[in-house]
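Examining the three-dimensional arrangement
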Amino acid sequence: MADRQEGRTEAVAGVLGRRIVAGRYHPGEALPTEPEMQEEFGVSRTAVREAIRLLSGKGLTVSRPKIGTRVRPIVDWNLLDADVLRWQVDQNPSEEFIHALFEMREIVEPEAAARAVERATDEQVAALGVAMDGIRNHPRGSPEQVSADLDFHLVILESTRNPLLRAIGAMIESGLSISFTLGWRTAMAEEAVLQHNAVYEAIRDRDRERAFHAMRELLQGAKINVFKSIWISRSARRPTDDPR
């Protein structure tokens, strides 16, 4: 029974969270009342209240007596929370969000790769090699290749031996999810595989500067491909007589 209640709570929080990040409920706007949410979702008052607590804990909402539950300003959201990131990815993320996500990755990951050169154990270098083999050998765009790609980046973060860097793994996962959910078919073309391999070899060879620049090149290429996918998708949807 407890598991079922928890599942309902998370389901309600997920729906409301996606509506908030998609702009259906604007900052300062009140969410539906508890009775309205109970009726819409077919859940108990307890499930609704627990869902609101989850959203409040992520900085999305605030509840006050007599004013109800309202959406907080975006600056108060915990944008690195795994659920908040996933909800934004699920809601066809804006170009601004994608820019911000990749910009942060470009700030963090090249230096993380450089630190991994200095701090990675032999076992971690071997694990990075296994992930590289998965990227190279699994079918392009397959779940197995996506998983290997995620492992690749997470091993590098873990190799820094900085627990705060490891905690941003959800951001990396969201970046990869965006790449593939947008239909980024060139994500794992041969050039991208070679870029990953350049990072791996630099860390294996303990070459700090090479690792830094290889990771930066990898991320810049990834961002370019994501935006190409967006533009191609938009062009395909635009009427042929649209002059834009």
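The rules behind the values
Residue indices follow the written sequence of each chain, beginning from 1 at its first position. Only residues with pLDDT of at least 70 get local features here, since the model is predicted, and only at 80 or more are side-chain atom pairs given and counted; chain-wide, interface and lining totals rely on the full set of residues. Hydrogens and water molecules were not included; the side-chain quantities draw on all heavy atoms of the structure. Secondary structure counts use DSSP, requiring at least four H or I residues in a row for a helix and at least two E residues in a row for a strand, with both numbered from the N terminus. Only protein chains enter the area calculation, which uses a 1.4 Å probe; residues under 20% of their type maximum are buried, those over 50% are exposed, and those in between are partly exposed. Note on contacts: a residue pair qualifies if any of its non-hydrogen atoms lie within 4.5 Å across the two residues. Accessibility throughout is a Shrake-Rupley quantity obtained with a 1.4 Å probe, and a residue counts as covered only by protein chains that appear here. N or O atoms closer than or at 3.5 Å make up a polar contact, with two conditions inside protein: a donor-capable atom paired with an acceptor-capable one, and, for residues adjacent in sequence, both atoms drawn from side chains. Note on pairing: DSSP must find at least two bridges between two strands before they are called paired. By nonpolar core we mean a set of buried residues, namely Ala, Val, Leu, Ile, Met, Phe, Trp, Tyr and Cys, connected to one another through side-chain atoms within 4.5 Å. Here, axes are lines fitted to C-alpha atoms. For helices the fit covers the stretch in contact, and angles between N-to-C directions go from 0 to 180 degrees. Any angle from 65 to 115 degrees is called roughly perpendicular, while one under 35 is roughly parallel, one over 145 is roughly antiparallel, and all others are oblique. What makes a crossing left-handed is the near helix being turned counterclockwise from the far one by less than a right angle; a clockwise turn instead makes it right-handed. A helix is expected to span 1.5 Å for every residue after the first. Think of the arc as the fan of directions from the helix axis to the C-beta atoms. The quantity called pLDDT is the predictor's confidence in a given residue, expressed from 0 to 100. Polar here means any residue other than Ala, Val, Leu, Ile, Met, Phe, Trp, Tyr, Cys and Pro, which are nonpolar, and Asp, Glu, Lys and Arg, which are charged; Gly is therefore polar.

Helices and strands together make up the secondary structure of the protein, namely 11 helices and two strands. Across the protein, helices and strands are ordered from the amino to the carboxyl terminus as α-α-α-β-β-α-α-α-α-α-α-α-α. Split into buried and exposed, the 244 residues of the protein put 42% on the buried side. For the protein, long-range pairs separated by at least 24 residues make up 70% of all intrachain contacts whose partners lie at least 6 apart in sequence. Of the accessible surface of the protein, which amounts to about 13,300 Å², a share of 52% is contributed by carbon and sulfur atoms.

A few words on the side chain of Lys 223. Here Lys 223 is to be found in helix 11 (residues 208-237). At 3.5 Å, the side chain of Lys 223 forms a polar contact with the side chain of Glu 106. Residues within four places of Lys 223 in sequence aside, it is in contact with His 99, Phe 102 and Glu 106.

Regular strands place their side chains on alternate faces of the sheet. In terms of strand pairing, strand 1 (residues 61-64) meets strand 2 (residues 68-71) through four bridges, oriented antiparallel. From the neighbouring strand, Arg 64 faces strand 2, where its bridge partner is Gly 68. From the end of strand 1 to the start of strand 2, which pair antiparallel, there are three residues, and Lys 66 there has a positive phi angle of about 75°.

So, about the environment of Trp 77. Mapped onto the elements, Trp 77 comes out in the loop between strand 2 and helix 4 (82-90). The spacing of Trp 77 and Thr 61 is 16 residues in sequence and 8.5 Å in space, taken between C-alpha atoms. Those residues in contact with Trp 77 that sit more than four places away from it in its chain are Ile 20, Val 21, Lys 58, Gly 59, Leu 60, Val 71 and Arg 72. Within the local environment of Trp 77, its side chain forms a polar contact with the backbone oxygen of Arg 72, the two atoms lying 3.0 Å apart.

In this structure, Ile 98, Leu 128, Phe 152, Ile 156, Val 199 and Ile 203 are the most contacted members of the largest nonpolar core, which totals 41 residues. For this core, the secondary structure elements donating two or more residues are helix 5 (95-119), helix 6 (122-137), helix 7 (143-159), helix 9 (169-181), helix 10 (190-204) and helix 11. In contact with Phe 152, not counting residues within four places along its chain, are Leu 128, Ala 131, Met 132, Ile 135, His 196, Val 199 and Tyr 200. Residues Leu 31, Ala 51, Val 71 and Val 84 belong to the second largest nonpolar core, which totals 19 residues.

Packing of helix 6 against helix 7 brings their axes to within 8 Å, and their N-to-C directions diverge by 160°. As summarised for this structure, helix 6 and helix 7 are arranged roughly antiparallel, according to the angle between their axes. The two elements helix 6 and helix 7 cross, and the hand of that crossing is left-handed. Across the interface between the two elements, Gln 124, Ala 127, Leu 128, Ala 131, Met 132, Gly 134 and Ile 135 from helix 6 touch Gln 145, Ala 148, Asp 149, Asp 151, Phe 152, Val 155, Ile 156, Glu 158 and Ser 159 from helix 7.

This brings us to helix 3 (residues 45-57). Across its 13 residues, helix 3 extends 18 Å between first and last C-alpha, which sits within 8% of the 18 Å expected from 1.5 Å per residue. Those residues of helix 3 that fall on the buried side of the exposure criterion are Ala 47, Val 48, Ala 51, Ile 52 and Leu 55. Take helix 3 and look down its axis: the buried residues cluster within an arc of 135°, on one side only. Away from its buried face by more than 90 degrees, helix 3 exposes Arg 53 and Gly 57.

Per-chain confidence: the protein averages 87 in pLDDT, with 87% of residues scoring 70 or above. Model confidence for the protein, summarised as mean pLDDT per element, is weakest for helix 9 at 69 and strongest for helix 6 at 97.

As a further point, take the environment of Arg 136. If you trace the backbone, Arg 136 turns up in helix 6. Separated by 12 residues in sequence, Arg 136 and Ala 148 place their C-alpha atoms 9.2 Å apart. Setting aside anything within four residues of it in sequence, one finds Arg 136 in contact with Val 193 and Asn 197. Looking at Arg 136, its side chain comes within polar contact range of the side chain of Asp 133, at 3.0 Å. Polar contacts involving the side chain of Arg 136 include one to the side chain of Asn 197, which spans 2.8 Å.

Further remarks concern the packing of helix 2 (residues 34-41) against helix 3. Contact geometry for helix 2 and helix 3: axes closest at 9 Å, N-to-C directions at 110°. Put simply, helix 2 runs roughly perpendicular to helix 3. Between helix 2 and helix 3, the contacting residues are Glu 34, Met 37 and Gln 38 on the first element and Arg 45, Val 48, Arg 49 and Ile 52 on the second. Here the residues of the contact of helix 2 with helix 3 are counted per class, giving three nonpolar, one polar and three charged.

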